[in-house]
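# Chains, contacts and geometry: an overview
Residue-level listing of the chains:
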Amino acid sequence: MRQRLDEILTNNYLTNNGPLVQELEHKLARYCGVKHCIAMSNGTVALELAIRATGLQGEVIVPSMTFIATAHALQWQGIKPLFADIDHATLNICPKSVEALITPATTGIIGVHLYGRPCAVEALQAVADAHQLTLLFDSAHAFGSSHNGLRVGNFGDCEAFSFHATKVFNTFEGGAVTTNDDELARRLRLMRNFGFEGEDNVSYIGTNGKMSEVCAAMGLTNLESLDGFIANNRENYHRYREELSAVEGISLESYDESEQSNYQYIIIRVDRAQFGKSRDDLKSRLESEGIMARRYFYPGCHRMEPYKTLYPDVSGKLPVTESFSEEVLALPNGNQITPDEVSWVCQLIREFGSGR
Ligand SMILES: Cc1ncc(COP(=O)(O)O)c(C=O)c1O
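Bear in mind that the values here come from a model prediction, so they are computed numbers and not experimental data.

## Observations concerning the overall build of the protein chain
Looking only at helices and strands, the protein chain has 13 helices and 12 strands in total. Computed over its C-alpha atoms, the radius of gyration of the protein chain comes to 21 Å, within 12% of the 21 Å expected for a compact globule of 356 residues. Buried residues in the protein chain amount to 55% of all 356 residues. Pairs at least 24 apart in sequence give 67% of the contacts found in the protein chain among residues at least 6 apart. In the structure as shown, the protein chain presents an accessible area of about 15,600 Å², 50% of it carried by carbon and sulfur atoms. Charge-centre separation for the protein chain: the mean point of 32 positive side chains lies 3 Å from the mean point of 45 negative side chains.

Listed below in structure tokens is the structure:
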């Protein structure tokens, strides 16, 4: 990283599609096995530009069980998010729920590969094709994951990634859109840079979505260690699995071991009746020991503003989302978490459950 920083300062090429951004795009496209990777300043801008460049308007169907940015990226651009429920088994957007929401004003679907586990890609594509809708994916959680052996980044019309500091692969702040569509990639590149095509020729409405060289340097450096990060996450995940398997009322979401996964998210459901304590009690207990456990996601986008006020009728219509959001807790994982710390978290959970 230091060497790359020196290079940036020596060359004084700080941003504007510099050599490190280009190198990162090239390497990320190769890693995902996709034709185009367009680096962006963050995942939210990547989503906003993906939405805009594919011409979405009117209404777009999204899961409510996602980070608020998925819904905001639509509403911010005057597009109404229609909140779909999730599938009980996969926790990803439910294709049947999607189909039931389609109206003449619907132009697209955004699937979210929640916790890095790919959506029902084929079923969603079939719904999109049957109704002539655009299909995008918010792939913020899923860098490095695969579906049917193909890396996430290749599905739908395009996919938007976040490379935020909390993600398995990070560029401090950053993101990207990946696509196999040449024309869409061209539009995204224009839109990312104010619509500039050449020095003083603007051919499109655009914004500033550029990634800086320093962020690209972080990305190139992290990419060199990505396999190690994932191996560490996987080891921690298996330790959690082993040490929590016998705890009544705690179930850990699993990863498909026949696919590639980034194993970033350790998601448990707390069944209050069986565990003897609520999810929120457990969260407080862990926090009292300095352990950050997050309600990831609670209470669902449709129960947050402005959506709660704008679309009050949705509340109560997403039963799986609403019940899951009451039970979910994300436990710590990542490079900073050692195996002993995982064991300690598990021990606290076991003791708290049995101390009823
Ligand atoms: C599912 C999802 N979508 C979008 C985003 C937004 O990404 P960023 O923070 O890079 O803007 C996030 C960030 O955490 C996310 O988890």
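## A short note on the site of the ligand
Of all residues adjacent to the ligand, which total 15 residues, the nearest are G43, T44, D138, S162 and K167. Within the side chain of T44, one N or O atom sits 2.6 Å away from an oxygen atom of the ligand. A distance of 3.1 Å separates an oxygen atom of the ligand from a polar atom in the side chain of H141. When the ligand sits alone it has 390 Å² of accessible area, and the protein chains cover 92% of it. One can see that the ligand is located within the largest pocket.

## What about the domain arrangement of the protein chain?
As far as domains go, the protein chain holds domain 1 (2-84 + 91-222) and domain 2 (226-354). Taking only C-alpha atoms, the centre of domain 1 and the centre of domain 2 are 26 Å apart. Taken together, the contact between domain 1 and domain 2 spans 32 residues of the former and 32 residues of the latter. Of all residues in domain 1, M65, Y115 and V168 bury the most surface against domain 2, accounting for 25% of the area lost on that side. At the boundary of domain 1 and domain 2, one finds one salt bridge. With its nearest N and O atoms 3.0 Å apart, the salt bridge here joins E253 to R117. One can count 18 residue pairs in polar contact (both at pLDDT 80 or more) joining domain 1 with domain 2. Within the residue set of the side of domain 1 that touches domain 2, elements represented by two or more residues are α4 (68-75), β3 (80-84) and β6 (146-147).

## Some details on the pattern of salt bridges
Inspection of the entire model under this criterion finds 18 salt bridges. Residues E243 and R239 are paired through a salt bridge, measuring 4.0 Å at the closest nitrogen-oxygen approach. Taken as a pair, E243 and R239 lie in helix α8 (residues 213-244) at a separation of four residues, close to a single helical turn. For R239, a relative accessible area of 29% puts it in the partly exposed group. Here E287 and K283 are joined by a salt bridge, their closest N and O atoms 2.7 Å apart. Residue E287 and its partner K283 are both found in helix α10 (residues 279-288); the two are separated by four residues, about one turn of the helix. Residue classification places E287 among the partly exposed positions, given a relative accessible area of 40%. Linked by salt bridges that have partners in common, E183, R186, R187 and E197 make up one network.

How each quantity is defined
Residues numbered from 1 in each chain as written. Predicted model: local features only at pLDDT ≥ 70, side-chain atom pairs only at ≥ 80, totals over all residues. Heavy atoms only, no water. Helix = DSSP H or I, 4+ residues; strand = E, 2+ residues; numbered from the N terminus. Rg over C-alpha atoms; globule rule 2.2 N^0.38 Å. Buried < 20%, exposed > 50% of the residue type's maximum accessible area, 1.4 Å probe, protein only. Contact = heavy atoms within 4.5 Å. Areas by Shrake-Rupley, 256 points an atom, 1.4 Å probe, with all protein chains shown as cover. Lys, Arg positive; Asp, Glu negative; His and termini not counted. Charge placed at Lys NZ, Arg CZ, Asp CG, Glu CD. Near = heavy atom within 4 Å. Polar contact = N/O pair within 3.5 Å; in protein donor to acceptor, adjacent residues only side chain to side chain. 1 Å grid on protein atoms, 1.4 Å probe; cavity = no way out; pocket = protein on both sides within 12 Å on 5 of 7 lines; lining within 4 Å. Sits in = over half its atoms within 2 Å of the grid points. Domains from an automatic or database assignment. Buried area = accessible area lost by both parts, 1.4 Å probe. Salt bridge = Lys/Arg side-chain N within 4 Å of Asp/Glu carboxyl O.

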